[in-house]
Amino acid sequence: MFSAPQPSSPAAITLSVVIPVYNEEEGLSALHQRLSTVLDGLGCTAEVVYIDDGSRDRSAAMLRELAASDPRVLVLGLSRNFGKEIAVSAGIDYAHGDAVVVLDADLQDPPELIGKMLEQWRAGADCVLMKRASREGETWLKKTTSSWFYRLLRKIGDVEIPRDVGDFRLMSRRAVDALRRCQERTRYMKGLFAWIGFPTVTLTYERDARHAGTSKWNYWRLWNLALEGITSFSTAPLKIASYIGLFVALGAFGYSAYVFVKAALWGDSVPGYPSLMMVVLFLGGTQLLALGIIGEYLARIFVEVKQRPLYLVADVQGQGPTHLSAVPQANPGYVAVAR
Ligand code: UDP
Ligand code: MG
């Protein structure tokens, strides 16, 4: 399962550009023109994978025309709108390249930067992240909520998700293969990109305004994406619930003991109150405890069902004792990766 070493002559490598498209008829031809010029200049074999994410405008027809006129183009038409995260996953599945670049269709990510990204990849980086230099043109509310979200995710999440980095990035073949092994259904791509690791370089760029059309993200979709990010990469909310349960239950048992002792020593001034109180507190407390225990198991089941690889190996140094055969591939998480 060792991936082939990267060939060094530029023509021998292939580059895939993955572009999710949802109702982008106004900007598509401009995008393809700019991208083609860039790809012609790179001098390597390239393919462009467009994913039509169930567009309701002329995008699908335009993509079909592009596929007919440009042999570099592969178009995947999804059966309906699945959302950007899944569209990107589909495109990555179909990309053949030694290096794969993910690009938005609205020309907010300048294709001219692909050359620079390839340079970093040739220098050994597996992931080249493109970081927005500024978030101009965004509302104060969006900037603040986004900053809170990243701070929270950094505190409670499993992986560090870089700020101001979108899906515009380059990934090496082995990074793509690693990503494809993450088969979870709820796909928070930014989290998965960060989860796979591997040598990563970050470049800064000026994000342009949308070429045409409008953003498909509203606050409701962003809120749901944020929830997806937190619940896919953290079991903290479940754990918080179980600790709250534990503390409330302990308090309930404590208070119940107090009511009991008080009644035993001084008698019950309100007949029935101590016994009633004790029963209510005991039942409430045990229920919360039981919920907490269920929460802990649920958190573990949740981690298991994601079926992520246990680990990914970036490289192996040395040969080990030569009388033993090659590194055993016992664990399905093993991705062998000589460069
Ligand atoms: N997109 C998609 N499916 C969707 C929504 C968006 O494939 O359901 C694509 C869209 O066509 C664009 C990219 O995802 O190429 C980014 O979308 P958008 O520009 O609306 O997001 P923003 O730049 O505002 O984050
Ligand atoms: Mg955009």
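Residues numbered from 1 in each chain as written. Chains lettered and ligands numbered in written order. Predicted model: local features only at pLDDT ≥ 70, side-chain atom pairs only at ≥ 80, totals over all residues. Heavy atoms only, no water.

**Regarding the overall build of the protein**
What counts here: The way it works is that DSSP assigns letters per residue, a run of H or I at least four long becomes a helix, a run of E at least two long becomes a strand, and they are numbered from the N terminus. Burial here depends on accessible area, computed with a 1.4 Å probe over protein chains only, as a share of the maximum for the residue type. Under 20% is buried, over 50% is exposed, and the range in between is partly exposed. The contact criterion used throughout is that any non-hydrogen atoms of two residues lie within 4.5 Å.
Across its full length, the protein holds ten helices and seven strands. Split into buried and exposed, the 339 residues of the protein put 42% on the buried side. Put simply, 81% of the contacts in the protein that link residues at least 6 apart link residues at least 24 apart.

**Things to note about the coordination of the magnesium ion (ligand 2)**
Where we set the bar: Counted as coordinating are nitrogen, oxygen and sulfur atoms within 2.8 Å of the metal, or 3.2 Å for Na, K and Ca, while water is not included, which may make sites look incomplete.
Protein coordination at the magnesium ion (ligand 2) comes from D106 (OD) and Q108 (OE1), with a distance range of 1.8 to 1.9 Å. Across the pair, Q108 and D106 agree in class, each one buried.

**Description of helix α9 (residues 236–266)**
Here is the rule: One less than the number of residues in a helix, times 1.5 Å, gives the span that helix is expected to have.
Taking 1.5 Å per residue as the helical rise, α9 with its 31 residues ought to reach 45 Å, and the 44 Å between its terminal C-alpha atoms agrees with that figure. Regarding α9, the residues found buried are A236, S242, G245, A249, A252, S256 and V259. Tucked into the core, α9 has its buried residues touching α5 (140–156) and α10 (273–305).

**Overview of the confidence of the model for the protein**
Going by this rule: For every residue, the pLDDT score states the predictor's confidence, bounded by 0 at the bottom and 100 at the top.
Per-chain confidence: the protein averages 82 in pLDDT, with 89% of residues scoring 70 or above. The low-confidence segment residues 1–7 (pLDDT under 50) makes 17 contacts with residues lying over four places distant or belonging to another chain.

**Comments concerning the pattern of salt bridges**
Our working definition: By salt bridge we mean one thing: a side-chain nitrogen of Lys or Arg within 4 Å of a carboxyl oxygen of Asp or Glu.
Summed over all chains, the structure comprises 13 salt bridges. Close ionic contact of D104 with K84 constitutes a salt bridge, the shortest N to O distance being 2.9 Å. In this pair, D104 sits in the loop between β4 (99–102) and α4 (114–122) while K84 sits in helix α3 (residues 84–94), placing the two residues 20 residues apart along the sequence. With a relative accessible area of 12%, D104 lands in the buried category. Among the charged side chains, a network of salt bridges with common partners joins K84, D104, D109, D167 and R207.

**Details of the packing of aromatic side chains**
Condition: Side-chain rings of Phe, Tyr and Trp (the six-membered ring for Trp) are treated as a pair once their centres are within 6.5 Å; stacked means planes under 30 degrees apart, edge-to-face means over 60, and tilted covers the remaining angles. A positively charged side chain is recorded as over a ring if its NZ (Lys) or CZ (Arg) lies within 6 Å of the ring centre. The angle to the ring normal must also be within 35 degrees.
Evaluation of the coordinates by the stated rule reveals five aromatic pairs. In this structure, R80 packs its charged tip against the face of F82, placed 4.0 Å from the ring centre.

**Side note on the site of ligand 1**
For the record, the criterion: When at least one non-hydrogen atom of a residue lies within 4 Å of a molecule or strand, that residue is treated as near it. Side-chain atoms alone can form a polar contact between residues adjacent in sequence; in general such a contact is a pair of N or O atoms within 3.5 Å, and within protein one must be able to donate a hydrogen while the other accepts it. Here the accessible surface of atoms and residues is derived via Shrake-Rupley with a 1.4 Å probe, and residues count as covered only by protein chains that are part of the display. Note on residue classes: Ala, Val, Leu, Ile, Met, Phe, Trp, Tyr, Cys and Pro are nonpolar, Asp, Glu, Lys and Arg are charged, and everything else, Gly too, is polar.
Taken together, 18 residues surround ligand 1, and among them D53, D106, Q108, S215 and K216 come closest. Interatomic distance of 2.8 Å between a backbone N/O atom of P20 and an oxygen atom of ligand 1. Contact between ligand 1 and D106: an oxygen atom at 2.5 Å from a side-chain N or O atom of the residue. Burial of ligand 1 by the protein amounts to 93% of the accessible area it has alone, namely 530 Å². The class makeup of the residues in the shell around ligand 1 is five nonpolar, four polar and nine charged.

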